[in-house]
Amino acid sequence: MKKPLIGISGNTLRDTSGAYVDLIRSYVNQDYVRSIEEAGGIPIIIPFTENLEQAKETIDIVDGLLLTGGHDVYPLNYGEEPLRGIGDVFPERDQFDFALLAAAEARNIPVFAICRGCQIVNVYRGGSLYQDLPYDKNCTIKHSQNQTPSLPTHTVDIEPDSKLAQIIGTTTWITNSHHHQTCRNIGESLVVTGRAKDGTVEALEDTNRPWFVATQFHPEMMHVKDVHAKTLFKAFVDATKEVN
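To keep things clear, this report deals only with the structure shown in the data block. Quick caveat: nothing in here was measured; it's all calculated off a predicted structure.

Bringing the layout of surface pockets into the picture now. The computed volume of the largest pocket comes to approximately 370 Å³. Breaking the lining of the largest pocket down by element, the ones donating at least two residues are α4 (116–124) and α6 (219–222).

Here it is in structure tokens:
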């Protein structure tokens, strides 16, 4: 059987020193690429572009979409002014990711969204974010890990009837954590299926779609050693094999 093509949303990186200062590069973290390859898919990096029609056309050639991490989501996209705790934003990339998501939903192909990707999904569906976790009065756990990316550091409780629980075969997952923003008001047709012990949203699903899972944590970083992360990526890639 032909291996499925998985579109991975790309970002840009600017050189700040050396012979190529100010050179703009298109990239994704290698963890995403490796996780898709090891799960049996062919990773296709979708380079950032402000040509949104071209971005949408790219989705026509892939079997699934992986939305990746990166900058904070532009708060005006969910009707808020920037608060003091917000980090760097990239409004043009928000629009790029929205366009990819719209095209993927139009084709009803599997979508897997990670970290910023989870937040993008929520905002695209009309939800909002905590711009910085201290603004969430219930947040007591350290969510910005700032050490070994793959290291599991906190517990995520998963809804028993969720796709995520069915895939990994448990309702508890000790995950890594690399974020300072999280979902606040939940967008249309999305269901919270995972939370940290302090209530922070760690997983979302759209149960109206065949395969639509978002995680606030980073299973692609845990994929090297964690069996649940491997199982989740395998389930995602397997689901894309059913596309046309």
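After that view, the rundown keeps rolling.
The next subject is the sheet that holds strand β6 (residues 111–114). Hydrogen bonds between backbone groups are what pair the strands of a sheet, and the pairing can be parallel or antiparallel. On the basis of which strands lie adjacent, the open sheet formed by nine strands has the order β4-β1-β5-β6-β13-β12-β11-β8-β9 and mixed pairing. In the strand order of this sheet, the two ends are held by β4 (42–46) and β9 (172–175), each with one partner. Taken over all neighbouring pairs, the strand axes of this sheet differ in orientation by 20° on average, direction set aside. Strands β1 (5–9), β4, β5 (64–67), β6 and β13 (212–215) of the sheet are contacted by helix α3 (residues 91–107), whose axis makes an angle of about 155° with β5.

This paragraph deals with the packing of aromatic side chains. Both the distance between ring centres and the angle between the ring planes are used here to describe each pair of aromatic rings. Under the defined criterion, the tally for this structure stands at eight aromatic pairs. Between the aromatic rings of Trp211 and Phe236, the centroid separation amounts to 5.3 Å while the plane-to-plane angle is 45°, which identifies the pairing as tilted. One end of the pair, Trp211, is in the loop between β12 (201–205) and β13; the other, Phe236, is in helix α7 (residues 227–240), and 25 residues separate them in sequence. Owing to a relative accessible area of 7%, Trp211 belongs among the buried residues under this scheme. A relative accessible area of 0% places Phe236 in the buried class. In this structure, Arg125 packs its charged tip against the face of Phe212, placed 5.0 Å from the ring centre.

Burial along β13 is two-sided: Phe212 and Ala214 facing one way and Val213 and Thr215 facing the other are all buried. Here four bridges tie β6 to β13, and the two strands are oriented parallel to one another. Within the sheet, the bridge partner assigned to Ile114 lies in β13 and is Thr215. Where β12 and β13 come together, three bridges link them in antiparallel fashion. When the sheet's bridge partners are listed, Leu204 is paired in β13 with Ala214.

Moving on: the pattern of salt bridges. Going through the model one piece at a time under the given rule, you end up with 16 salt bridges. The partner of Glu38 in a salt bridge is Arg34, with the nearest N and O atoms 3.9 Å apart. In this pair, Glu38 and Arg34 are both assigned in helix α1 (residues 30–38), four residues apart and thus about one turn of the helix distant. Taking the relative accessible area as the measure of exposure, Glu38 reaches 48% and is therefore partly exposed. By relative accessible area, which is 19% here, Arg34 ends up buried. The partner of Lys241 in a salt bridge is Asp238, with the nearest N and O atoms 3.3 Å apart. What emerges from the salt-bridge pattern is a single network uniting Asp31, Arg34, Glu38 and Lys230.

On to the side chain of Thr175, then. The topology assignment puts Thr175 in strand β9. Of the residues examined, Thr175 reaches a relative accessible area of 0% and is grouped as buried. Contacts of Thr175, omitting those with residues within four sequence positions, involve Leu151, Pro152, Thr153, His154, Val156, Phe217 and Met222.

A word on the state of the cysteines. Enumeration over the complete set of coordinates arrives at zero disulfides. Between Cys118, a cysteine without a disulfide, and Cys183, which holds the nearest cysteine sulfur, the sulfur-to-sulfur distance is 4.1 Å. Lacking any disulfide linkage, Cys139 is separated from the closest cysteine sulfur, that of Cys183, by 13 Å.

Below, the discussion takes up α3. An α-helical turn contains 3.6 residues, so a residue and the one three or four places further along point in the same direction. End to end, α3 covers 25 Å across 17 residues, agreeing with the expected 24 Å (1.5 Å per residue, within 8%). For α3, the full list of buried residues reads Arg93, Asp94, Phe96, Asp97, Phe98, Ala99, Leu100, Leu101, Ala103, Ala104 and Glu105. Where α3 ends, the next residue or the one after it, Asn108, has phi of about 60°, a positive value.

What counts as what
- Residues numbered from 1 in each chain as written.
- Predicted model: local features only at pLDDT ≥ 70, side-chain atom pairs only at ≥ 80, totals over all residues.
- Heavy atoms only, no water.
- 1 Å grid on protein atoms, 1.4 Å probe; cavity = no way out; pocket = protein on both sides within 12 Å on 5 of 7 lines; lining within 4 Å.
- Points joined across faces, edges and corners; volume = space filled by probe spheres on them.
- Helix = DSSP H or I, 4+ residues; strand = E, 2+ residues; numbered from the N terminus.
- Pairing = 2+ DSSP bridges.
- Axes fitted to C-alpha atoms, helices over the stretch in contact; angles between N-to-C directions.
- Contact = heavy atoms within 4.5 Å.
- Phe/Tyr/Trp six-rings, centres within 6.5 Å; stacked < 30°, edge-to-face > 60°.
- Buried < 20%, exposed > 50% of the residue type's maximum accessible area, 1.4 Å probe, protein only.
- Lys NZ or Arg CZ within 6 Å of the ring centre and 35° of its normal.
- Salt bridge = Lys/Arg side-chain N within 4 Å of Asp/Glu carboxyl O.
- Disulfide = S-S within 2.5 Å.
- Expected span 1.5 Å × (residues − 1).

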